[in-house]
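Notes for the structure review
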Amino acid sequence: MRRFVYCKVVLATSLMWVLVDVFLLLYFSECNKCDDKKERSLLPALRAVISRNQEGPGEMGKAVLIPKDDQEKMKELFKINQFNLMASDLIALNRSLPDVRLDGCKTKVYPDELPNTSVVIVFHNEAWSTLLRTVYSVINRSPHHLLAEIILVDDASEREFLKTSLENYVKKLEVSIKIIRMEQRSGLIRARLRGAAASTGQVITFLDAHCECTLGWLEPLLARIKEDRKTVVCPIIDVISDDTFEYMAGSDMTYGGFNWKLNFRWYPVPQREMDRRKGDRTLPVRTPTMAGGLFSIDRNYFEEIGTYDAGMDIWGGENLEMSFRIWQCGGSLEIVTCSHVGHVFRKATPYTFPGGTGHVINKNNRRLAEVWMDEFKDFFYIISPEAVCG
Ligand SMILES: [Mn+2]
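Described in the following lines is the structure provided in the data block. Position numbers for residues start from 1 in each chain and track the written sequence from start to end. Predicted model: local features are reported for residues with pLDDT of at least 70 only, side-chain atom pairs are reported and counted for 80 or more only, and whole-chain, interface and lining totals are derived from all residues.

1. What to know about the overall build of the protein
Threshold: Each helix is a run of H or I in the DSSP string that is no shorter than four residues. Each strand is a run of E no shorter than two, and both are numbered from the N terminus. Counting other C-beta atoms within 10 Å of a residue's own tells you its class, since 20 or more makes it buried, 12 or fewer makes it exposed, and anything in between is partly exposed; those C-beta atoms are placed from the backbone.
Each helix and strand counted, the protein has 13 helices and twelve strands in total. Taken over 390 residues, the protein has a buried fraction of 38%.

Have a look at this one:
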């Protein structure tokens with residue numbers, strides 16, 4: 001009888017401990033969830049997902065339309081990056097895209113031995129979803145033996161999620177990703193130079209922080225550089241709508257030029273360039289200038305021509321400067337029409353220009369004119385008298 005009571009006590013106490021354990025387990029796992037929720041509400045952008053099927057929002061490059069009830073919120077969020085952040089955050093980081101290449105490009109065969117490339121991406125207060133969608137598109141659509149590494153250069157962003165959250169996130173990815181932080185706001189040029197200096201690939205590929213690389217984007221760029229190391233190559237820049245994130249193929253019939261205000265402009269590819277290629281639109285187009293955000297260059301050639309003008313500030317003019325530099329230093333600049341990379345084009349810049357936008361751009365353009373344009377600089381000064389002195 002007494003033993004029976006003992007047994008009951010032992011059973012009851014063990015049962016109690018089991019219950020305590022279960023309670024503790026539940027309590028702590030609940031708490032994890034709480035933290036998770038808290039972090040998510042603080043960082044709504046981090047919710048962006050990896051898709052497992054192709055039916056989600058924006059898949060195959062389709063437009064994302066925001067329901068009426070969310071339009072006000074959408075407009076508020078738009079101001080942060082000057083693109084539809086709500087739409088971007090709804091789209092999977094690895095969304096699918098249509099194959100927009102010319103048919104002749106799909107069957108081209110490239111040499112096995114291509115130079116490898118480092119991909120350098122500069123960002124300043126970029127949105128989480130656009131930055132990581134850029135990174136995923138590089139990882140998922142580039143042969144890994146051709147990728148030396150991805151280098152993310154943070155030009156002194158202020159947003160908290162671009163700090164340790166980003167570092168922890170990219171550690172999990174299957175390609176080596178370095179993050180370099182500029183100590184102070186330095187602008188695109190000096191940040192790119194820092195990224196280039198830290199890179200190890202034979203080719204350096206610069207991309208903007210809100211791009212999406214498409215299938216087969218890399219091989220034709222590297223193959224062209226292998227053929228001629230002094231050729232600097234750009235992909236066709238497809239348009240990702242800043243309103244809907246719809247992916248729209250860019251044209252192979254436009255190339256880069258400029259006006260006398262030294263603004264970059266697209267112009268129709270002239271007949272002489274069609275004739276030179278005997279009408280084969282899959283062959284690279286020689287282009288006077290480049291838009292600047294996306295190009296690949298042989299590392300040694302980049303150093304031989306003196307890299308960028310490190311005296312240029314923030315943004316503006318550096319794309320024409322690089323274009324003039326290439327053509328005047330024995331190289332050539334081409335758009336490789338078989339390579340397509342999407343870019344979110346915006347109507348307004350979200351960036352701040354320390355010192356004032358006009359001042360920064362005039363200063364950069366003055367350097368461009370004085371260094372590369374000889375007597376043609378007078379056209380610029382006549383059309384932009386405000387640029388003559390600071
Ligand atoms: Mn851009």
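2. Some points on the pairing of strand 6 (residues 231-240)
Put simply, side chains in a regular strand alternate between the two faces of the sheet. Note the threshold: In short, DSSP must find at least two bridges between two strands for them to pair.
Most of strand 6 is tucked away, with nine of its ten residues classed as buried. Relative to strand 12 (residues 332-344), strand 6 is paired through ten bridges, and the arrangement is parallel. Counted as the bridge partner of isoleucine 240 is valine 344 from strand 12. In this structure, strand 6 lies alongside strand 7 (residues 247-248), joined through two bridges in antiparallel fashion. Bridge pairing links isoleucine 240 to tyrosine 247 in strand 7. Connecting the antiparallel pair strand 6 and strand 7 is a turn made up of six residues, with phenylalanine 245 showing a positive phi of about 60°.

3. Observations regarding the pairing of strand 4 (residues 203-207)
Most of strand 4 is tucked away, with five of its five residues classed as buried. Here strand 4 shows two buried faces, one formed by Val203, Thr205 and Leu207 and the other by Ile204 and Phe206. Bridging between strand 1 (residues 117-123) and strand 4 involves five bridges; their strand directions are parallel. What sits directly across from threonine 117, in strand 4, is valine 203. Taken together, the four bridges between strand 4 and strand 11 (residues 295-298) define a ladder with antiparallel strand orientation. Each residue of the ladder has a partner; that of threonine 205, found in strand 11, is serine 296.

4. Brief notes about the environment of glutamate 386
Along the chain, glutamate 386 falls in the segment after helix 13 (377-383). Placed 27 residues apart in sequence, glutamate 386 and histidine 359 show a C-alpha to C-alpha distance of 9.5 Å.

5. Some remarks on the nonpolar core
We apply this condition: To form a nonpolar core, buried Ala, Val, Leu, Ile, Met, Phe, Trp, Tyr and Cys residues must be joined through C-beta atoms within 7 Å. It is the C-beta atoms, placed from the backbone, that decide contacts: two residues are in contact if theirs lie within 7 Å.
Counting residues in hydrophobic clusters, the biggest one holds 71 residues, and the most contacted among them are Val120, Ile121, Ile150, Leu294 and Phe295. Ignoring anything within four residues of it in the chain, the contact list for leucine 294 reads Phe206, Leu207, Asp208, Cys211, Cys234, Pro235, Ile237, Val341 and His343. In terms of nonpolar packing, the next biggest core, distinct from the first, is built from five residues, Leu262, Leu320, Leu368 and Ala369 among them.

6. A word on unusual backbone geometry
At methionine 60, a position not held by glycine, the phi torsion is positive, near 60°. With 11 C-beta atoms counted inside 10 Å, the residue methionine 60 sits in the exposed group. The phi dihedral of leucine 262 is positive, around 65°, even though this residue is not glycine. By the element assignment, leucine 262 lies in the loop between strand 8 (254-258) and strand 9 (264-268).

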